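# Examination of the molecular architecture
Each chain, letter by letter, is given below.
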Amino acid sequence: MNGIASILVVDDNPKYLADALPMYGYDITVAEDGLEALKILEQKEGAFDLILLDVMMPNMDGWDTLKAIRSNKKIKYIPVIMITAVSEDQKIVSGLRIGADDYVVKPFILPNLLARIEAVLRRCEWQKESAPKQEINKNVNIDALTPKEKEVLALVAKGASNQEIADKLCVRDVTVKTHLNSIFKKLKVSNRTQAVLLAMQINLIN
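Residues numbered from 1 in each chain as written. Predicted model: local features only at pLDDT ≥ 70, side-chain atom pairs only at ≥ 80, totals over all residues. Heavy atoms only, no water.

This paragraph deals with unusual backbone geometry. In this chain, Lys106 is followed by Pro107 through a cis amide linkage whose omega measures -10°. Examined against the element boundaries, Pro107 turns out to sit in the loop between strand S5 (102–105) and helix H5 (110–134). Positive phi outside glycine occurs at Asn59, with the angle close to 70°. Tracing the chain through its elements places Asn59 in the loop between strand S3 (50–54) and helix H3 (62–70). (Helix = DSSP H or I, 4+ residues; strand = E, 2+ residues; numbered from the N terminus.)

Let us now look at the side chain of His179. Checked against the element boundaries, His179 lands in helix H8 (residues 173–187). Taking relative accessible area as the criterion, His179 reaches 18% and is therefore assigned buried. When sequence neighbours within four positions are dropped, the list of residues in contact with His179 reads Lys148, Glu149 and Val152. (Buried < 20%, exposed > 50% of the residue type's maximum accessible area, 1.4 Å probe, protein only. Contact = heavy atoms within 4.5 Å.)

General note: in soluble globular proteins, nonpolar side chains tend to be found buried as a group. Residues Leu8, Val10, Leu41, Ile51, Leu53 and Met82 are the most contacted members of the largest nonpolar core, which totals 21 residues. Among the elements of the structure, strand S1 (6–10), helix H2 (34–43), S3, H3 and strand S4 (80–84) are those that each provide at least two residues to this core. When residues of this core are assigned to their parent elements, the largest contribution, four residues, is made by H2. Not counting the four nearest positions on each side in its chain, Leu8 is found in contact with Thr29, Val30, Ala31, Ala37, Ile40, Leu41, Phe48, Leu50, Ile51 and Leu52. In terms of nonpolar packing, the next biggest core, distinct from the first, is built from 20 residues, Val9, Leu21, Leu110 and Val120 among them. (Core = buried A, V, L, I, M, F, W, Y, C linked by side-chain atoms within 4.5 Å.)

Remark: helix H6 (residues 147–157) packs on H8, axes separated minimally by 10 Å, with the N-to-C direction vectors making an angle of 95°. If you check the angle between H6 and H8, you find them roughly perpendicular. Seen from H6, the contacting residues are Lys148, Glu149, Val152, Leu153 and Val156; seen from H8, they are His179, Leu180, Ser182, Ile183, Lys186 and Leu187. Taken together, the residues of the contact of H6 with H8 break down into six nonpolar, two polar and three charged. (Axes fitted to C-alpha atoms, helices over the stretch in contact; angles between N-to-C directions. Parallel < 35°, antiparallel > 145°, perpendicular 65-115°, else oblique. Nonpolar A, V, L, I, M, F, W, Y, C, P; charged D, E, K, R; others polar.)

Structure representation (structure tokens):
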């Protein structure tokens, strides 16, 4: 991405990241728990490109902090990478469904974290670049989507895979693909990311 990325590190023991990340060109702000992080995000709206969020913290843990971020319209779109000592797949998947963009399990090696930071920031840039192209599509007829298609799109926005959507709706995987193709055609987009972005722009989904 262009320019220096600004990262909010939310960790009750932030010294390692606070010392290491500036050496790789990142501007770092530190919060030592979730409550402090939310206060900083409110005071410095629009100042951060990414949040590194530890799970185990006093006062407000990472999961509750993530929920608060995703429920706040002003900051809900800031990408978040969770840092956790918990390696159970189910908890990690739950975090992704709450709204985490990626996760790193402790103990981690710095190159792994740096690669994930770069990947998340790169995806964010792609989304920003694709957004202006979708402005012309704001006049799409949202009523053209069937209730089932809207349900599928809402599940896509939560990060569900085709198989997970099929299981949730008790249909076959091929039926989900048919719904998605119809959604893409009606919204005049070509992929899942564009469909979700446009749906958010026109308030079709929250």
